[in-house]
Amino acid sequence: MTIKESLDEVGQRIRRAETDAGRPPGSVHLLAVSKTQPAEVVRAAAQWGQRAFGENYLQEAEDKIAVLSDLKLEWHFIGPIQSNKTATIARLFHWVHSVDRLKIAQRLNDQRLPARGPLQVCIQVNISGEGSKSGVGLDELPALAAKVAGLPNLCLRGLMAIPAPEKDPERQRRTFARLREALEMLNRQGLALDTLSMGMSDDLESAVAEGATWVRIGTALFGARKSR
Ligand SMILES: *Cc1c(COP(=O)(O)O)cnc(C)c1O
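Residues numbered from 1 in each chain as written. Predicted model: local features only at pLDDT ≥ 70, side-chain atom pairs only at ≥ 80, totals over all residues. Heavy atoms only, no water.

With respect to the packing of aromatic side chains
- Counting across every chain of the model gives 3 aromatic pairs.
- Aromatic pair W95 and W214: ring centres 5.7 Å apart, planes at 75 degrees, arrangement edge-to-face. A residue pair is termed long-range when its members are at least 10 positions apart, and W95 in strand β4 (residues 95-99) and W214 in strand β8 (residues 214-217) qualify at 119 residues.
- Using a relative accessible area of 8% as the deciding quantity, one classes W214 as buried.
- Against the face of W48 rests K4, its NZ or CZ located 5.3 Å from the ring centre. (Phe/Tyr/Trp six-rings, centres within 6.5 Å; stacked < 30°, edge-to-face > 60°. Helix = DSSP H or I, 4+ residues; strand = E, 2+ residues; numbered from the N terminus. Buried < 20%, exposed > 50% of the residue type's maximum accessible area, 1.4 Å probe, protein only. Lys NZ or Arg CZ within 6 Å of the ring centre and 35° of its normal.)

Written as structure tokens, this is what we have:
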């Protein structure tokens, strides 16, 4: 399949899922997860109109962002964050989906140049218990969200999750529903969050049914990844 064909196919899956959920067309954004893919593949996807790309590994992303700086792309960091990486992330990225502790949020805030405008962030939540190791627990989420929301160079947009793999669509939905409910709870407590980053190649329909606003898609766009 060409990159155009897979972009069309994923786009159709998203539109169909929006319709099935009674949601307006265009309410779900496609984040093309380009980790392990070379810059030329990103360039090809950009030629067909894809603008937002997700990267997990900073060194690899730095190289790609430099090579593609002639294009107007929106870069999203979605991988685990070590504290010694925050300065580069704050400099190069528009969004960070994987903030999971205050120290990281504070460093991103301190290192973001105000002139670049606030860094758009999501807090990563561990919604499937022992299944995923990263992400803040639901019990600690309200306190962390309140603090992150107060950081001037960050704009807290919402929540992100990477649930443990699950084949049954009903169970997928129940897990995604927990993230939606967490977002609704934070909004009842006075935050104004509009972003749910959830759903990947195998479960995007379930995520859209439960309110995803960003689906993060790698394999369905670019094929299986070679192991790093
Ligand atoms: C790799 C990755 C994805 C994409 O997963 P696919 O199953 O290939 O679509 C999405 N989100 C995160 C955080 C990832 O690391």
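Considerations on the pattern of salt bridges
- Within the structure shown, the criterion is met by 12 salt bridges.
- Two residues, E60 and K64, come together in a salt bridge whose shortest N-O distance is 2.6 Å. Of the two residues, E60 and K64 both sit in helix α3 (residues 58-67), 4 residues apart, roughly one turn of that helix.
- With relative accessibility at 5%, the residue K64 sits in the buried group.
- D194 serves as the salt-bridge partner of R157, at 3.0 Å between the closest nitrogen and oxygen. With a gap of 37 residues between them, R157 in strand β6 (residues 154-160) and D194 in the loop between α7 (169-188) and β7 (195-197) connect regions that are remote in the sequence.
- Note on R157: relative accessible area 21%, which makes it partly exposed. (Salt bridge = Lys/Arg side-chain N within 4 Å of Asp/Glu carboxyl O.)

Notes on the pairing of strand β2 (residues 52-55)
- Of the two faces of β2, the one lined by A52 and G54 and the one lined by F53 and E55 are each fully buried.
- Bridging between strand β1 (residues 29-33) and β2 involves 2 bridges; their strand directions are parallel. What sits directly across from A32, in β2, is F53.
- Assessed by its sense of winding, the connection that carries the chain from β1 through helix α2 (residues 39-47) to β2 is right-handed.
- The sheet contact formed by β2 and strand β3 (residues 74-77) spans 4 bridges and is parallel. Bridging across to β3, G54 finds its partner in H76.
- Taken together, β2, α3 and β3 form a β-α-β motif whose crossover is right-handed. (Pairing = 2+ DSSP bridges. Right-handed = clockwise from strand over helix to strand, strands pointing away.)

Digging into the nonpolar core
- Among the nonpolar cores identified, the biggest contains 61 residues, and F93, V96, L108, I123, L141, L159 and V215 are the most heavily contacted of them.
- With near-sequence residues (within four places) excluded, L141 lies in contact with I123, V125, V136, L159, A182 and L186.
- Formed by 8 residues, the second largest nonpolar core is a distinct cluster that contains I78, W95, C122 and M160. (Core = buried A, V, L, I, M, F, W, Y, C linked by side-chain atoms within 4.5 Å. Contact = heavy atoms within 4.5 Å.)

Let's talk about the side chain of T195
- Mapping T195 onto the fold places it in strand β7.
- The exposure class assigned to T195 is buried, which follows from its relative accessible area of 1%.
- If sequence neighbours within four positions are ignored, T195 has contacts with W95, C122, R157, G158, L159, L183, T213 and W214.

Some points on the site of the ligand
- Surveying the vicinity of the ligand reveals the residues V33, K35, N56, I78, I162, M200, S201, R216, I217, G218, T219 and R225.
- Residue K35 places a side-chain N or O atom 2.7 Å away from an oxygen atom belonging to the ligand.
- Note that an oxygen atom of the ligand is positioned 2.8 Å from one of the backbone N or O atoms of G218.
- For the ligand, the accessible surface in isolation is 390 Å², of which the surrounding protein chains cover 89%.
- For the shell around the ligand, the class distribution of residues is 5 nonpolar, 4 polar and 3 charged. (Near = heavy atom within 4 Å. Polar contact = N/O pair within 3.5 Å; in protein donor to acceptor, adjacent residues only side chain to side chain. Areas by Shrake-Rupley, 256 points an atom, 1.4 Å probe, with all protein chains shown as cover. Nonpolar A, V, L, I, M, F, W, Y, C, P; charged D, E, K, R; others polar.)

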